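Structural description and commentary
Listed below, chain by chain, are the residues.
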Amino acid sequence: MSRPPTTRRVRTLAIIAVVLVALALPLTLRAFWLQSGLFAMAAVISAIGLTLLVGRSGQLSLGHAFFVAIGAYGYCYLAGDPSSPLASGLGLPPVLALLGAVLAAGLAGALFSPISGRLRGIYLGLASLGLVFLGQHILFNAVPLTGGYNGRNAEPFSLFGFSFSDGTPEGLTVLGVQFGGLERLWYLGLLLVGVSWWCARNLVRSRPGRALATIRDSEVAAGVMGVNVPRYKAAAFIVSSMYAALGGVLMALVFGRIVPESFGLTMSVDFLVMIVIGGIGSVGGAVVGAALVTLLPLVLNRYSDLLPLLAQPGSSGISAADLSRIIYGLAIVLILLFAHDGLAGLGRRLGSSFRRNADGPGSPDRPMSDSPTTKELAR
Amino acid sequence: MRGGGPVAEARGATGSSAATAGTRDALLEVTDLHVSYAGSVQALRGVSLWVPDGGIVAVLGNNGAGKSTLLRAISGTLGREGGAIDGGSIHVGGEPIGRRGASDVVRRGVLQVPEGRRVFAALTVEENLRAGGTAARDAAARDRARGEVYDLFPILRERRRQRAGLLSGGEQQMLAIGRALMGSPRLLLLDEPSLGLAPLIVEQIGEVITEINRQGTSVVLVEQNAAMALRVADHAFVLEVGQISLQGPAAELARTDEVRDRYLGVGAEAAPATDVPAAGATATDVPPTGATATGAPSADAGAARPAGAAVHDLVVEGLTVRFGGITALTDVSFTVAPGSLHALIGPNGAGKSTCLNVLSGVYAATEGAARYGGRDLTRLPRHQIAALGISRTFQNMALSSTETVLDNLLVARHRHMRTGFFSAALRLPGARREAAAQEATVVRTAELLGLGGVLHQLVSELPYGDRKRVELARALCAEPGLLLLDEPVAGMNFNESVAMEEAIGTVQRELGISIVLVEHDMRFVMGLADRVTVLDFGRRIADGTPAEVQADPDVLRAYLGTEQEEER
Amino acid sequence: MSNLFGLVLNGLSLGAIYALIALGFVMIFKATHVLNFAHGSVLLLGAYVVGVTNDALGFWPALLLGIVVAALAAVVIDVVIMRRVRAADLGTLAILTLGVDVLMVTELTRRLGTATLTTGAPWGTSTVDVLGSSIPLSRVIAALVTAVVVGVLWALFQFTNWGIAMRAAAADGGTAELMGIRLNRVAASAWGVAGALAAVAGIFLTSFPSPGISPTVGLVALAAIPAWVLGGFDSFPGAVVGGLIIGVVTTLSAGYQGDLTFLGRDLAQVTPYAVMLLVLLIRPSGLFGTKEVARV
């Protein structure tokens, strides 16, 4: 969509500012914040994939965690030590393992497309829920691949001998700050987030993106315009799965160890929460939503001692974990009650009212558009 | 009862003479009503009308004139469709009801029979009636009402244990009326009760309405079938693009040229005579196949269509379509010569849109074939039909309203583009070049149709007429050899529809493509078409040049149905 | 062979409980098009109320109270929250109910703490012998109660104004509204009935052979989702049949776990979903669900 030049300039400046701040953060942040930030980045990447699927192509999925798991485990297996006694691997270079894991998830998405292509709306949503349970079952039981209940370690990421997980090569120091594993991983995360975001924005505004949006609004119209609907729906599932997997790889790298327990229904639903409160279909909304949902509990737990009200561990009363769940639940309910098109919709409305005020009366009032929704899905 | 005065021209914004005249003893009174959808689309612009206690009032108008909006406003169901009353008032029995909920309106004695009957198909006849009676005061009132309904429609009593979905169309209409009567209405709103019914049944419905009225219920009859409506009603209002354009006693209104021409379809015989030979000549000038690619279209048209699709014969043979137990099309055949404009006409529910839906792969044909360029369209998926160079518009428009006009138009370029997910995501140079080139093509087509200024607006922000043009522009952007148009002027006012007529004529002449046009506005079709196929109840009843078709007695009977009966 | 018979019988009785939960899902979905993630926590709430009050009130009054509280909670969710966002899309509505679920489960879990409450149901831990197979009495009663509930629901839908209004509203809300049916009331009552059914199911889910009322009971409600999907989202008979199928599949895969070790441990947790996916592959609208019709 074209914007007035001033708005576009403001936008560009804002993006540059955010990037600069993000680049500088490792110089000041402590490990906790770096790690939390990295968790958020992993979630952001996967959430972008889900918002493309749900918001752009209109396919509701509750199975995102399955594809995240393929990414995480795929990386660990492909990069893993072949001689490890517990859960062996192929010992590929980490970069190849990353690409392989992403491709494997794409393949899994393609394999699911006979089901996803036939189902709509809530049927698809709950069928994909089945994937999560099946996937978790495999993770628990395919012990040689996954390490079973105890999970398996993620091989540290490195590129041409430059490790992103520990201090090799030794003694990398920037402006007096020792750049260890977390700092280096931070930049890898930033790079992956940046590329993911950029690609998603490009996709939305391209031939495939428009085809998907038309499918979302009317499969009949899309078909009549020459779009091969089943193929594009499958392609959307594949792309979304690959995004999920890339996020999964980063997640594995940050955790260092992954267990099947993480990739359950809760994770799938959390991803849906991220994109819904961010605003379904909005790439920016997915970024904000993912950051919010990931950081909120981490921060609340960390700073629980600063909050009054809270009971000490062991006594009755509201614990920090409880409080973070309650805030999480309240946030969902309140955001959706007051802006059922999510934060992105809220932002659009605030922005337009700001512009209106700035331009004075008489400027065209952009009516609030329905956010691209899955409304049709219920039919 | 009101009446006796001369037919009033009420072309002003408010129709104020009507409003002030209607304050006495009116059961329903609508005053200067303004309604818009989604905050932008104006559906009603100052409508005033009234229904005297005990009267029957007809509201006439074409598709999209605002009839349904008016009914929604009265029954309090605008919100469901995203509409809102911006101004004016609605009074029933002297009390305002404009902004209350639907169930409240019902409890004040205003019940609506929705368009298309909409009986609860899975419920039995008796259960349907019960559903209609939920608003009744008590069980006794309900039983009494049910007895009256069964007396009025004995067939319903016979079939009371049957599922409503198994009833015939006419019986379903009776059930829908009976269901509303269960609420013991003071005012009954009937939304196109004649839709898709045989003339004989329409007559019956007309009689039923008269009888219901005789028993003391006031009636608002919203109709496209002006003949029946004007015979039954005392007073009539003509709604045109959200405004009352004419009103007066029904009998007098039926005699005015305007109504005869536009709504009764008579009196238009002479009009197309001059156009037809010219258009016919265009058709015969075009060689059978692929001629247009080598033709010499004008500069503008050439710009819109740099590399045309081949144009072929379209041969429809023995097309039959059944949905469940209903046969929508029976053994329909016709041929569209390359480069000609072929109109499919017929009353509402005749199967015109079904036919278009089969040609574009939306519906599956039960039997028969539609050959185009050596392929049978009935055996191809939608996108492969599109790949043959066939594109279409939708009657109710199927645009992505949350996307810009430009993006909507660019979708039509899908089959002319190659960019896939990978090159799009990375914005590879090839993808960028292609996007720029295609955007330029689309912009040219949009400018041709006067949409250059709105390319970057969201479709949801556009007025109705503009959206209709976007819909046409999108179909054209696909560079079709065969263009299927489903009621392109539905809901447009006279000037808009004349402009659209010109645009379609230009497109067809300049680009040399074939067009199949579905319309039930006779006047519009007769001026444009080279050849006309008339459908009625899913069967072809006539096929020929506009002049031939207009002289055909079968057509007159089907189309003007009740006019004939009056003459008998 | 008697092992198989016993497993099937056990499965059917477990399936009866799933059917009660699935009926609630269908009810809410038909009336308001909501995938209700909060259903499990309503169920837990009902069981919790019974667990807390049965000492003081006795079991039957406590049961009644639990059912009423659960029904009220469901109505409140609909009236206070869902009613404001009726037009929102499926994903948004589902996530809203999830938000509610998070709030309820967190609070209930905190209150439950580590102690395990019991419902104090009079059927206790007794079992009955049916043709040589031993089945917990609670499950037998569950099956009977489900049969009664299904019969009562059927009669309500056929013969009462409420039932007719409910069916009309579910079939075509717009037209029902034109007939004066108050959609908001129909919706709230559907939520209420679903809540009551959930509470009943909750009692049986927390009776012997399960240890008692624990926070995970709410999650068990999710096990009814495959039953719901399998039967078809908008079909009451589908919910019952789906529930029974999933119940049998669950007990069979648990019972023959030993012979199926190559499929991994805890097989019974995934077989319902596997069956659901298989059915959807063949019948995209479930066994009894309404097919979608393409419209233009």
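For the structure, see preceding data.
Residues numbered from 1 in each chain as written. Chains lettered and ligands numbered in written order. Predicted model: local features only at pLDDT ≥ 70, side-chain atom pairs only at ≥ 80, totals over all residues. Heavy atoms only, no water.

On to the overall build of chain B. On a plain count of helices and strands, chain B comes out with 24 helices and 21 strands. Classification of the 568 residues of chain B by burial places 58% in the buried group. The long-range fraction of contacts in chain B, counting pairs at least 24 apart against all pairs at least 6 apart in sequence, stands at 70%. Accessible area for chain B stands at about 21400 Å²; split by element, carbon and sulfur atoms hold 50% of it. (Helix = DSSP H or I, 4+ residues; strand = E, 2+ residues; numbered from the N terminus. Buried < 20%, exposed > 50% of the residue type's maximum accessible area, 1.4 Å probe, protein only. Contact = heavy atoms within 4.5 Å. Areas by Shrake-Rupley, 256 points an atom, 1.4 Å probe, with all protein chains shown as cover.)

Moving on: the interface of chain C and chain A. Tallying the contact residues gives 49 residues for chain C and 47 residues for chain A. Together chain C and chain A conceal approximately 4100 Å² of surface at their shared face, both sides included; 77% is due to carbon and sulfur atoms. At the junction of chain C with chain A, the criterion picks out zero salt bridges. Our count for the chain C to chain A interface comes out at two residue pairs in polar contact (both at pLDDT 80 or more). Ranked by residues supplied to the side of chain C that touches chain A, first place goes to helix α4 (residues 90-112) of chain C with 12 residues. (Buried area = accessible area lost by both parts, 1.4 Å probe. Salt bridge = Lys/Arg side-chain N within 4 Å of Asp/Glu carboxyl O. Polar contact = N/O pair within 3.5 Å; in protein donor to acceptor, adjacent residues only side chain to side chain.)

Let's shift gears to the packing of helix α5 (residues 137-159) of chain C against helix α6 (residues 161-171) of chain C. Residue and element names in this part refer to chain C. Packing of α5 against α6 leaves a shortest axis separation of 5 Å and a crossing angle of 80°. Taken together, the axes of α5 and α6 are roughly perpendicular relative to one another. Facing α5, whose interface residues are Leu 156, Phe 157, Gln 158 and Phe 159, α6 presents Asn 161, Trp 162, Gly 163, Ile 164, Met 166 and Arg 167. In the contact of α5 with α6, the residues fall into six nonpolar, three polar and one charged. (Axes fitted to C-alpha atoms, helices over the stretch in contact; angles between N-to-C directions. Parallel < 35°, antiparallel > 145°, perpendicular 65-115°, else oblique. Nonpolar A, V, L, I, M, F, W, Y, C, P; charged D, E, K, R; others polar.)

Before going further, it helps to spend a moment on the interface of chain B and chain A. Across the contact, 34 residues belong to chain B and 37 residues belong to chain A. Between chain B and chain A, the buried area comes to about 3100 Å², and carbon and sulfur atoms account for 67% of it. Area buried by chain B at its contact with chain A is led by His383(B), His414(B) and Phe421(B), which between them contribute 23% of it. The interface formed by chain B and chain A includes three salt bridges. Between Arg210(A) and Asp407(B) there is a salt bridge, with the nearest N and O atoms lying 3.9 Å from each other.

Attention shifts here to the sheet that holds strand β16 (residues 375-376) of chain B. Residue and element names in this part refer to chain B. Across the sheet, four strands lie side by side as β13-β12-β15-β16; this open sheet has antiparallel pairing. Of all strands in the sheet, those bounded by a partner on one side alone are β13 (326-336) and β16. Relative to the sheet, helix α14 (residues 352-359) contacts β12 (314-323), β13 and β15 (367-372), its axis offset from that of β12 by approximately 110°. (Pairing = 2+ DSSP bridges.)

Moving on, we come to the sheet that holds strand β21 (residues 539-544) of chain B. The strands making up a sheet associate through hydrogen bonds between their backbones, and the pairing can be parallel or antiparallel. Residue and element names in this part refer to chain B. Across the sheet, which stays open at both edges, the six strands sit in the order β17-β18-β19-β14-β20-β21 with mixed pairing between neighbours. Looking along the sheet, the strands with just one partner apiece sit at the ends: β17 (390-392) and β21. The average angle at which neighbouring strand axes cross in this sheet is 15°, direction not considered. Pairing geometry for β17 and strand β18 (residues 482-486), over three bridges, is parallel. Note that in β18 the partner of Ile 390 across the bridge is Leu 482.

Looking now at the packing of aromatic side chains. For the coordinates displayed, the defined rule picks out 23 aromatic pairs over all chains. Geometrically, the ring pair formed by Phe112(A) and Phe237(A) is tilted, given 5.3 Å between the ring centres and 55° between the ring planes. Residue Phe112(A) is found in helix α4 (residues 94-118), and its partner Phe237(A) is found in helix α10 (residues 229-255); the two are separated by 125 residues along the sequence. Comparing Phe112(A) with Phe237(A), the two get one shared label, buried. Every member of this aromatic cluster is reached through a ring pair, and the members are Tyr123(A), Phe25(C), Phe29(C), Trp228(C) and Phe233(C). Above the plane of the ring of Phe32(A) lies Arg302(A), whose end atom (NZ or CZ) is 4.5 Å from the centre. The aromatic ring of Phe394(B) is capped on one face by Arg392(B), whose charged end is 4.2 Å from the ring centroid. (Phe/Tyr/Trp six-rings, centres within 6.5 Å; stacked < 30°, edge-to-face > 60°. Lys NZ or Arg CZ within 6 Å of the ring centre and 35° of its normal.)

Right, let's get into the environment of Trp191(C). Residues and elements named next belong to chain C. Relative to the elements of secondary structure, Trp 191 occurs in helix α8 (residues 183-205). Along the backbone, Trp 191 and Phe 25 are 166 residues apart, and their C-alpha atoms lie at a distance of 9.2 Å. Every residue in contact with Trp 191, bar those within four places of it in the chain, is listed here: Ile 28, Thr 32, Val 34, Asn 36, Ala 74, Val 75, Ile 77, Asp 78, Met 82 and Thr 97. Separated by 3.4 Å, the side chains of Trp 191 and Asp 78 make a polar contact.

A contiguous patch of positive charge, built from Arg11(A), Arg205(A), Arg427(B) and Arg432(B), is present on the exposed surface. What makes Arg432(B) partly exposed here is its relative accessible area of 43%. (Patch = residues over 30% accessible without salt bridge, like charges linked within 9 Å, V, L, I, M, F, W, Y side chains within 5 Å. Lys, Arg positive; Asp, Glu negative; His and termini not counted. Charge placed at Lys NZ, Arg CZ, Asp CG, Glu CD.)

In this section: the environment of Leu296(A). All names here are of chain A. Mapped onto the secondary structure, Leu 296 falls in helix α12 (residues 283-302). Of the residues examined, Leu 296 reaches a relative accessible area of 27% and is grouped as partly exposed. Along the backbone, Leu 296 and Tyr 328 are 32 residues apart, and their C-alpha atoms lie at a distance of 7.6 Å. The residues contacting Leu 296, other than those within four sequence positions of it, are Ile 327 and Tyr 328.

Okay, the pairing of strand β1 (residues 127-130) of chain C next. All names here are of chain C. Pairing between β1 and strand β2 (residues 133-136): four bridges, direction antiparallel. In the sheet register, Asp 129 faces β2, and the bridge partner there is Ser 134. Taking the residues between adjacent antiparallel strands as the criterion, β1 and β2 are bridged by two residues, where Leu 131 takes a positive phi near 50°.

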